[in-house]
Amino acid sequence: MDEISVRDEIAAFVAERDWAQFHSPENLAKSIAIEAGELLECYQWNADADTDRVSDELADVLTYCILLADRLGVDPNQIVLDKLAKTREKYPVNKSRGRSDKYDVL
């Protein structure tokens, strides 16, 4: 059997339900924010959140991120690598190692 990617599994799930019609970039971005809020809620009153609940909420965030990337026609892996390259320039190791200061304070 061929290996099916996470992206393909999500696309099949959405297609089976005819939900792509609801997946405008705006709606997907809203859904990411909503699900990120639910992820944060896991830690609202306790720093030791339930790992299963956190995993479920994180999966929802990632799913919507993958859907938005697909809708925009961008490769999630590539945009993360591109952003990481930009961030490396802002935060050189010799100035930022072990520090949480913003790049304009380093």
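In the block above lies the structure referred to throughout.
Trainee: Kindly report on the packing of helix H2 (residues 25–41) against helix H3 (residues 51–72), identifying the contributing residues and their values.
Mentor: Any two packed helices are characterised by the angle at which their axes cross and by the distance between the axes. One can describe the packing of H2 onto H3 by two numbers: an axis separation of 9 Å at closest approach and a directional angle of 165 degrees. One element, H2, and the other, H3, form an angle in the roughly antiparallel class. Handedness of the crossing formed by H2 with H3: left-handed. Every residue of H3 that contacts H2 at Pro25, Leu28, Ala29, Ser31, Ile32, Glu35, Ala36, Glu38, Leu39 and Glu41 is listed here: Arg53, Val54, Glu57, Leu58, Asp60, Val61, Tyr64, Cys65, Leu67, Leu68, Arg71 and Leu72. Tallied by class, residues from the contact of H2 with H3 come to 14 nonpolar, one polar and seven charged.

Trainee: So what about the state of the cysteines? Which residues, and what values?
Mentor: Note on terminology: a disulfide is the covalent bond linking the sulfur atoms of two cysteines. Inspection of every chain in the model, using the stated rule, returns zero disulfides. No disulfide involves Cys42; its sulfur sits 16 Å from that of Cys65, the nearest cysteine. Residue classification places Cys65 among the partly exposed residues on the basis of a relative accessible area of 33%.

Trainee: Residue-level account of the layout of surface pockets, with values.
Mentor: Approximately 190 Å³ is the volume found for the largest pocket. In terms of lining residues, the largest pocket is bounded by Arg7, Ile66, Ala69, Asp70, Gly73, Val74, Asp75, Pro76 and Asn77. Those elements that place two or more of their residues in the lining of the largest pocket are H3 and helix H4 (76–90). Top contributing element to the lining of the largest pocket by residue count: H3, with three residues. Each residue belonging to the lining of the largest pocket can be placed in one class, and the counts come to four nonpolar, two polar and three charged.

Trainee: Run through the environment of Asp60, naming residues and quoting values.
Mentor: Relative to the helices and strands, Asp60 is located in helix H3. On the basis of relative accessibility, which here comes to 31%, the residue Asp60 falls in the partly exposed class. Taking the C-alpha atoms as reference points, Asp60 and Ile32, 28 residues apart in sequence, are found 7.9 Å from one another.

Trainee: Explain the environment of Asp50 to me, using residue names and the numbers behind them.
Mentor: In this structure, Asp50 sits in the loop between H2 and H3. A polar contact is formed between the side chain of Asp50 and the backbone nitrogen of Arg53, at a distance of 2.9 Å.

Trainee: For the packing of helix H1 (residues 6–17) against H3, give the residues involved together with the corresponding values.
Mentor: Where H1 meets H3, the closest approach of the two axes is 10 Å, and the angle between their N-to-C directions is 85 degrees. Between H1 and H3, the crossing angle belongs to the class labelled roughly perpendicular. Facing Val6, Arg7, Ile10 and Val14 of H1, the residues of H3 in contact are Thr63, Ile66, Leu67 and Asp70. Taken together, the residues of the contact of H1 with H3 break down into five nonpolar, one polar and two charged.

Thresholds, definitions, all that
Residues numbered from 1 in each chain as written. Predicted model: local features only at pLDDT ≥ 70, side-chain atom pairs only at ≥ 80, totals over all residues. Heavy atoms only, no water. Axes fitted to C-alpha atoms, helices over the stretch in contact; angles between N-to-C directions. Helix = DSSP H or I, 4+ residues; strand = E, 2+ residues; numbered from the N terminus. Parallel < 35°, antiparallel > 145°, perpendicular 65-115°, else oblique. Left-handed = near helix turned anticlockwise from the far one by under 90°. Contact = heavy atoms within 4.5 Å. Nonpolar A, V, L, I, M, F, W, Y, C, P; charged D, E, K, R; others polar. Disulfide = S-S within 2.5 Å. Buried < 20%, exposed > 50% of the residue type's maximum accessible area, 1.4 Å probe, protein only. 1 Å grid on protein atoms, 1.4 Å probe; cavity = no way out; pocket = protein on both sides within 12 Å on 5 of 7 lines; lining within 4 Å. Points joined across faces, edges and corners; volume = space filled by probe spheres on them. Polar contact = N/O pair within 3.5 Å; in protein donor to acceptor, adjacent residues only side chain to side chain.

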